[in-house]
Each structure stands twice: as structure tokens, then as C-alpha cells.
Amino acid sequence: MIEIKGAIKHYDWGGYYYLPMLLDNHDARQPFAELWLGDHLAGSSTLVDGSPLSAWIEAAPEYRLGKKVVEQFGQRLPYLFKVLDVREPLSIQVHPTLEQAKQGFARENALAIESSRRNYKDNNHKPELMLALSDFYLLHGFRNVTESVAELKKYKSTDSLASLYQELGLKAFVSTIFSLPENELSGLVLPIIKHYRLAYQQNELAKSQSLFWFMRAALRAEREALPFDAGLIMIFIMNLMYVPKGSVVYQDAGIPHAYLEGQNIELMANSDNVIRAGLTAKHVDVQELLAITRFETITPEVVSGEPTDDGGIEYRVPAKDFQLREYHLHQGQALTTPDEEGACVWFVLSGEVRLSNQQHYSRAGSAFYQRPEEVNIIYAQSDTWLYRASAVIE
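Residues numbered from 1 in each chain as written. Predicted model: local features only at pLDDT ≥ 70, side-chain atom pairs only at ≥ 80, totals over all residues. Heavy atoms only, no water.

### Some points on the overall build of the chain
Thinking step 1. For the chain, the helix and strand inventory stands at 12 helices and 22 strands.
Thinking step 2. Its C-alpha atoms give the chain a radius of gyration of 22 Å, within 12% of the compact-globule value 21 Å for 394 residues.
Thinking step 3. Once the C-alpha set of the chain is aligned to its principal axes, its extents read approximately 65 × 50 × 40 Å.
Thinking step 4. Every one of the 394 residues in the chain was classed for burial, and the buried ones make up 55%.
Thinking step 5. Counted over contacts in the chain with a minimum sequence separation of 6, partners at least 24 positions apart contribute 74%.
Thinking step 6. Seen as two clouds, the 37 positive and the 50 negative side-chain charges of the chain have centres 4 Å apart. (Helix = DSSP H or I, 4+ residues; strand = E, 2+ residues; numbered from the N terminus. Rg over C-alpha atoms; globule rule 2.2 N^0.38 Å. Buried < 20%, exposed > 50% of the residue type's maximum accessible area, 1.4 Å probe, protein only. Contact = heavy atoms within 4.5 Å. Lys, Arg positive; Asp, Glu negative; His and termini not counted. Charge placed at Lys NZ, Arg CZ, Asp CG, Glu CD.)

Given below as C-alpha cells:
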């Protein structure tokens with residue numbers, strides 16, 4: 001196993017404390033939003049000599065990824081492992097299926113669409129798994145019709161939208177709110193902001209209420225002088241999900257979602273394809289959004305882990321590109337790494353370990369790359385939490 005160093009992303013929605021403390025990085029003058037562990041070209045991890053992991057894999061893909069991984073997924077890691085610190089709500093997003101990604105990438109290439117207006121940065125899908133590292137809040141899929149209508153009826157300015165939703169149905173309703181001119185959207189949003197501003201500022205709104213997150217997103221747009229967008233209305237018709245620490249949620253293709261607050265581990269197919277659906281100043285392609293979104297109501301669920309023979313807990317989802325395994329080692333305990341046919345990425349979330357092929361100790365924030373069929377022993381010097389990403393090889 002070799003040590004790797006993740007790429008840090010300083011998006012403006014990130015926090016100032018969690019990732020810097022985890023990584024022992026004291027330069028927190030800008031937000032630390034994401035840590036990327038993988039070979040994605042937009043943020044490849046590096047080896048100890050500073051060279052990109054992507055170039056190292058490219059030099060000998062079958063040896064460093066595994067022959068079956070190359071046959072099944074191509075000459076790159078099939079997954080990307082991230083750690084996120086969400087201080088402000090992210091945009092509402094939808095990810096494509098593999099076929100939609102291939103078609104969209106080819107179409108946008110043929111049209112020579114500039115990067116800032118592209119939906120498809122590559123030809124891969126992007127299903128995602130998240131494991132909460134703290135209390136975590138997110139929007140996940142469309143809530144049932146009865147709840148959506150009741151939510152819209154709570155506010156005088158959106159009462160007419162409740163009738164419109166019932167009349168048009170979900171997809172046509174979403175299409176309609178995204179076609180509203182800015183002045184009409186403001187007319188829906190501003191009365192709610194005015195009525196609840198003081199209640200929000202005095203902590204009289206619970207985080208279990210959609211209204212709390214509407215106010216947080218609306219006041220950020222107001223503070224940053226951004227136009228209100230239809231994503232604010234989407235908050236009222238999407239499931240608000242509270243995820244306690246340690247629980248796992250899966251975001252499949254076509255399911256709209258938005259991270260709102262908290263820290264998490266995110267494991268996904270190795271892609272950067274995002275179709276946005278509001279709460280953002282970035283490009284929103286309404287036509288593509290309507291084409292790939294699954295307009296169906298869902299009941300949010302958490303993913304159950306399955307115990308493994310080596311004492312871990314494994315989280316498997318329908319996507320074959322990735323699976324997450326969790327280990328909790330007590331002081332003095334040793335773990336022999338599973339002999340895998342494909343490459344694995346390991347991350348130390350807490351505690352201190354020493355690998356059998358190293359003389360030094362590795363602490364929280366450390367990451368390692370395990371080559372195919374490589375076996376190592378991890379010795380826990382303290383109570384330790386470890387996570388391992390791998391692909392499902394068929």
C-alpha cells in the first residue's frame with residue numbers, strides 16, 4: 001500500500017474548520033469544501049513525491065488497477081472517494097444514467113459548448129453514496145403529493161401553486177416554476193422572507209422544517225445579491241431528510257437532491273456530471289433537467305450495512321462502480337487487508353495506525369492506495385475508524 005494525498009476543493013459553501021483540523025492544515029483563510037481521493041483529472045490525488053496518481057495509474061493500468069477492473073470499467077479508477085464539509089446548502093442536482101451521460105457528452109462535444117455551460121464533463125454516470133459523519137441534512141427526491149400541496153398551502157404567496165401542482169402534475173409543475181420570470185418568482189418568495197425573517201434569526205424555526213432551509217437559501221441569495229430561482233420552490237416539494245451520524249443514503253440517477261448541512265463521506269462513480277436544478281448562480285439547463293429527472297415521488301431510505309468476515313461493515317448499492325466498507329479497530333487490534341482483485345482506496349477518519357510496510361505512524365486524514373492482490377497489515381495504535389472504497393468486480 002502506498003500513501004496518497006487528496007486534492008482539496010475550496011468551494012464557497014465549504015467550512016473553515018472540519019477539513020483543516022482533519023488534515024492538520026492550518027491555512028483556513030478560505031473554505032475547505034471537499035477532499036478528493038482518486039484519479040479524477042479535475043482533482044487527482046498525488047503520491048508522496050507530488051506526482052499525480054492519475055499519471056501513475058496510466059503508466060501501468062492493469063498492474064495498478066487490476067485486469068478485471070480495466071476490462072469492466074476502463075483504464076481509470078471506477079470510483080471517487082470524497083470527504084465533504086457542507087456549511088451552506090449546495091445546488092439541487094440530478095445525475096444522468098450511463099447512457100444519458102454518453103449521449104450528452106457526445107452532443108455537447110459536437111456543439112463545442114463552453115465549459116461553464118456544460119452539463120456533461122465526461123461520458124460516465126454519477127450515482128453516489130453518502131455516509132454521515134455528523135448530523136446531516138439533505139433534500140432527497142420528491143415528497144408525496146399530499147405533503148407537497150400542504151406545504152405550499154402554508155404560505156399565502158404560494159397557495160395558488162398548490163392548486164397548480166394538483167392540476168398539472170409533478171413534471172409540468174416543475175417545468176412551469178422554472179419558466180417563471182424573475183419578478184414573478186420574487187413575488188412568491190419575498191412575502192415568505194419578510195414574514196419569517198425574524199423567526200429564522202431568533203432560532204424559532206426547526207431544522208426539521210422545510211421553511212428553515214428555504215429561509216437559509218433565500219437569505220444567502222439576498223446577501224450575495226443573487227436572483228431568486230425556482231430551487232427555492234423545489235425545497236417545498238422535495239423530501240427533507242435528517243441523517244444521523246453513521247447512516248448511509250444512496251442517490252441514484254435521476255433523483256434530485258441537495259446537501260444542506262453537515263459533514264459526510266461521499267463515494268461515487270468517477271464522474272463530474274451535474275445537471276443543476278436551482279439554489280445556484282451556475283448554469284441551469286431546464287430542458288436537460290426535464291429530460292433526465294425521474295418525476296416520481298419516493299420515500300427516503302437509509303442503506304443497511306452487511307457484516308463482513310473480517311469484522312467490517314459493507315455498504316453495497318445497485319451501482320457496481322463502488323462499494324464502501326467500514327472498520328472500527330480497537331487499540332492493539334490488527335487488520336489484514338482483504339486480498340482484492342481490484343485497487344482499493346483507504347482513509348483513516350480517526351485514530352492512529354501503522355502499516356506493516358511502513359516505519360512511521362499515520363493519523364486521521366491519512367489515505368492509502370492498495371494495489372490489486374496486495375496484502376498488508378494495519379496495526380491500530382488507538383481506537384480507529386477506517387473506510388475502504390473498492391469496485392464490485394464481476
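### Examining the environment of serine 271
Thinking step 1. Locating serine 271 in the fold gives a position in the loop between strand 11 (257-269) and strand 12 (275-276).
Thinking step 2. When the C-alpha atoms of serine 271 and tyrosine 79 are compared, they prove to be 8.1 Å apart, with 192 residues separating the residues in sequence.
Thinking step 3. Residues in contact with serine 271, not counting those within four places in the same chain, are His40, Asp122, Asn124, His125 and Lys126.
Thinking step 4. A polar side-chain atom of serine 271 sits 3.2 Å from the main-chain carbonyl oxygen of asparagine 124. (Polar contact = N/O pair within 3.5 Å; in protein donor to acceptor, adjacent residues only side chain to side chain.)

### Regarding the side chain of histidine 283
Thinking step 1. Relative to the helices and strands, histidine 283 resides in the loop between strand 12 and helix 12 (286-292).
Thinking step 2. Other than its neighbours up to four places away in sequence, histidine 283 contacts Ser116, Arg117, Asn119 and Arg276.

### With respect to the sheet that holds strand 15 (residues 323-329)
Thinking step 1. On the basis of which strands lie adjacent, the open sheet formed by 8 strands has the order 4-1-20-17-22-15-14-13 and antiparallel pairing. Edge strands, defined here as strands with exactly one partner in the open sheet, are strand 4 (46-47) and strand 13 (306-307).
Thinking step 2. Two strands pair when backbone bridges link them, and strand 13 and strand 14 (residues 313-315) are joined in this way by 2 bridges, in the antiparallel orientation. In the sheet register, proline 307 faces strand 14, and the bridge partner there is isoleucine 313. (Pairing = 2+ DSSP bridges.)

### Considering the packing of helix 7 (residues 159-168) against helix 8 (residues 170-178)
Thinking step 1. The interhelical angle for the contact between helix 7 and helix 8, taken along N-to-C directions, is 135°, at an axis separation of 7 Å. As the angle between them shows, helix 7 and helix 8 are arranged oblique. Helix-helix and strand crossings are classified by hand; for helix 7 and helix 8 the assignment is right-handed. When helix 7 is examined against helix 8, the residues Leu161, Leu164, Tyr165 and Leu168 are found in contact with a partner set consisting of Leu170, Ala172, Phe173 and Thr176. (Axes fitted to C-alpha atoms, helices over the stretch in contact; angles between N-to-C directions. Parallel < 35°, antiparallel > 145°, perpendicular 65-115°, else oblique. Left-handed = near helix turned anticlockwise from the far one by under 90°.)

### Things to note about the UniProt feature "binding site: Zn(2+)" (unreviewed entry) in the chain
Thinking step 1. In the UniProt entry, the feature "binding site: Zn(2+)" (unreviewed entry) is given for Gln93, His95, Glu128 and His257. Judged by maximum C-alpha separation, these annotated positions cover 165 residues in sequence but sit close together in space, the widest gap being only 11.7 Å.
Thinking step 2. If you trace the backbone, glutamine 93 turns up in strand 6 (residues 93-94).
Thinking step 3. Ignoring any residue separated from it by four or fewer positions in sequence, one finds glutamine 93 in contact with Ile255, Pro256, His257, Val274, Ile275 and Arg276.
Thinking step 4. Relative to the helices and strands, histidine 257 resides in strand 11.
Thinking step 5. A residue is classified by how much of its surface remains accessible, and histidine 257, at 2% relative accessible area, is buried.
Thinking step 6. Sequence-distant contacts of histidine 257, defined by excluding residues within four places in its chain, comprise Ser91, Ile92, Gln93, His95, Glu128, Leu139, His140, Met238 and Gln251. (UniProt positions renumbered as here; feature names shortened; annotations may be inferred.)

### Digging into the nonpolar core
Thinking step 1. Membership of the largest hydrophobic core comes to 52 residues, with the highest contact counts inside it found for Leu152, Phe214, Leu232, Met234 and Ile237.
Thinking step 2. Counting residues per element, this core draws most heavily on helix 10 (residues 210-223), which supplies 9 residues.
Thinking step 3. Among the nonpolar cores identified, the runner-up in size contains 39 residues, and Ile4, Leu47, Trp56 and Phe347 belong to it. (Core = buried A, V, L, I, M, F, W, Y, C linked by side-chain atoms within 4.5 Å.)

### A short note on the sheet that holds strand 16 (residues 334-336)
Thinking step 1. One open sheet accounts for 4 strands, arranged 16-21-18-19; its pairing is antiparallel. A single partner strand is all that each edge strand has here, and the edge strands are strand 16 and strand 19 (362-363).
Thinking step 2. In this sheet, strand 21 (residues 377-380) lies alongside strand 16 in antiparallel orientation, the contact comprising 3 bridges. Its bridge partner lying in strand 21, threonine 336 is registered against isoleucine 377.

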